[in-house]
Amino acid sequence: MLTSKISKVSKVVICGGKAVGKTAILEQLIYGNVSIGSELHSTIEDTYVASIDTGKGSRDMLRIYDTAGLQGNVQLPRHYLLYPDAFILVYDPSDPASLDMLAGIKSDIDKYKEKKEMIIIVIANMHSRQPRSAGTSPSSSSPGGFGPASNGNLHSNGSHQISNQTDLTESNLNRANNWCARERIKHYMVNAMERASLYEPFVQLAIRLYPTQTKSSFRQLTQKASKVDNS
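Residues numbered from 1 in each chain as written. Predicted model: local features only at pLDDT ≥ 70, side-chain atom pairs only at ≥ 80, totals over all residues. Heavy atoms only, no water.

### Let's talk about the overall build of the chain
Thought 1: When you go through the chain residue by residue, the secondary structure sums to six helices and six strands.
Thought 2: Moving toward the C terminus, one meets the helices and strands of the chain in the order β-α-β-β-α-β-α-β-α-β-α-α.
Thought 3: Going through the 231 residues of the chain one by one, you find that 36% of them count as buried.
Thought 4: In the chain, the proportion of contacts linking residues at least 24 apart, taken out of those at least 6 apart, comes to 73%.
Thought 5: Of the accessible surface of the chain, which amounts to about 14,100 Å², a share of 51% is contributed by carbon and sulfur atoms. (Helix = DSSP H or I, 4+ residues; strand = E, 2+ residues; numbered from the N terminus. Buried < 20%, exposed > 50% of the residue type's maximum accessible area, 1.4 Å probe, protein only. Contact = heavy atoms within 4.5 Å. Areas by Shrake-Rupley, 256 points an atom, 1.4 Å probe, with all protein chains shown as cover.)

Below, the structure is given as structure tokens:
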């Protein structure tokens, strides 16, 4: 709505492992210009501004800081831990290492939040990597460098790989659900290729950052008393 009022800007840091789809999520959410064939380069550091309508008559502004993907034992740089109002932790449910990394990030956030309640949400990107085409040889990406299967076993091996990958993804999603429940963190599943799937986590985040202001009982009683005195 063009007539909506714009309020203050909250600062949000989005972080996680390398190639889990952080930039794709932001590009899709704000511009809607990401497809399977889109070429996105590794992020060093970038900033996005999202204007989100939460249905309160005003558009809530989020300044989102896109960070470089973490790998191995590399930690989120300290300056990102000091100023945000909220964090978005992103992982790839098909990659256990990207999920395991979130516990370390959460621990670092807790160290630097200075006793204030920090808003954190976790996003599982169900489409973080472009799937390999059926005709692509697995020799370059399969563990151990195995060569392509014989023609007679190609369909069978492909079915097993899909089944194993599905089981791994489901296992990681269950682990994430359990961890988020213990840490009291909201856990969302999205698909960076589907813009509509991205709305809920960001709208809910904006609602938490910009809670609806309600008049206190004391103020209401004072107003009533004033009306009585003037009557």
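Let us keep going from here.
### Re the nonpolar core
Thought 1: One finds I88, I123, F202 and L205 to be the most contacted residues of the largest nonpolar core, which totals 28 residues.
Thought 2: Elements with a contribution of two residues or more to this core: β1 (5–16), α1 (22–30), β2 (45–53), β3 (58–67), β4 (86–91), β5 (119–125), β6 (186–190) and α5 (199–209).
Thought 3: Beyond its immediate chain neighbours, meaning those up to four positions away, F202 contacts I25, L26, L29, I52, L62, I64, I88 and I123.
Thought 4: Among the nonpolar cores identified, the runner-up in size contains 24 residues, and C15, L89, I105 and A176 belong to it. (Core = buried A, V, L, I, M, F, W, Y, C linked by side-chain atoms within 4.5 Å.)

### Considerations on the side chain of H187
Thought 1: With respect to the helices, strands and loops of the structure, H187 is situated in strand β6.
Thought 2: A polar side-chain atom of H187 sits 2.8 Å from a polar atom in the side chain of Y91.
Thought 3: Among the polar contacts listed, one links the side chain of H187 to the side chain of N177, at a separation of 2.6 Å.
Thought 4: The contacts of H187, once residues within four sequence positions are left out, are Y91, V122, A124, L173, A176, N177 and C180. (Polar contact = N/O pair within 3.5 Å; in protein donor to acceptor, adjacent residues only side chain to side chain.)

### So, unusual backbone geometry
Thought 1: A positive phi angle is found at A19, which is not glycine, with a value near 65°.
Thought 2: Its place among the elements puts A19 in the loop between β1 and α1.
Thought 3: Looking at A19, the relative accessible area reads 46%, which means it is partly exposed.
Thought 4: A positive phi angle, near 60°, is found at R184, a position not held by glycine.
Thought 5: Looking at the secondary structure, you find R184 in the loop between α4 (154–183) and β6.
Thought 6: Residue classification places R184 among the exposed residues on the basis of a relative accessible area of 80%.

### Regarding the packing of aromatic side chains
Thought 1: One pass over the structure, following the stated rule, counts one aromatic pair.
Thought 2: With 5.2 Å between their ring centres and 70° between their planes, Y65 and Y83 make a pair best called edge-to-face. Here Y65 is found in strand β3, whereas its partner Y83 is found in the loop between α2 (79–82) and β4, with 18 residues between them in sequence. (Phe/Tyr/Trp six-rings, centres within 6.5 Å; stacked < 30°, edge-to-face > 60°.)

### Points about the pairing of β3
Thought 1: When you tally the buried positions in β3, you get nine out of 10 residues, the bulk of the element.
Thought 2: As defined by bridge partners, β2 adjoins β3 across nine bridges and the pair is classed as antiparallel. Within the sheet, the bridge partner assigned to A50 lies in β3 and is L62.
Thought 3: Adjacent in sequence and paired antiparallel, β2 and β3 are bridged by four residues, among which G55 carries a positive phi angle near 85°. (Pairing = 2+ DSSP bridges.)

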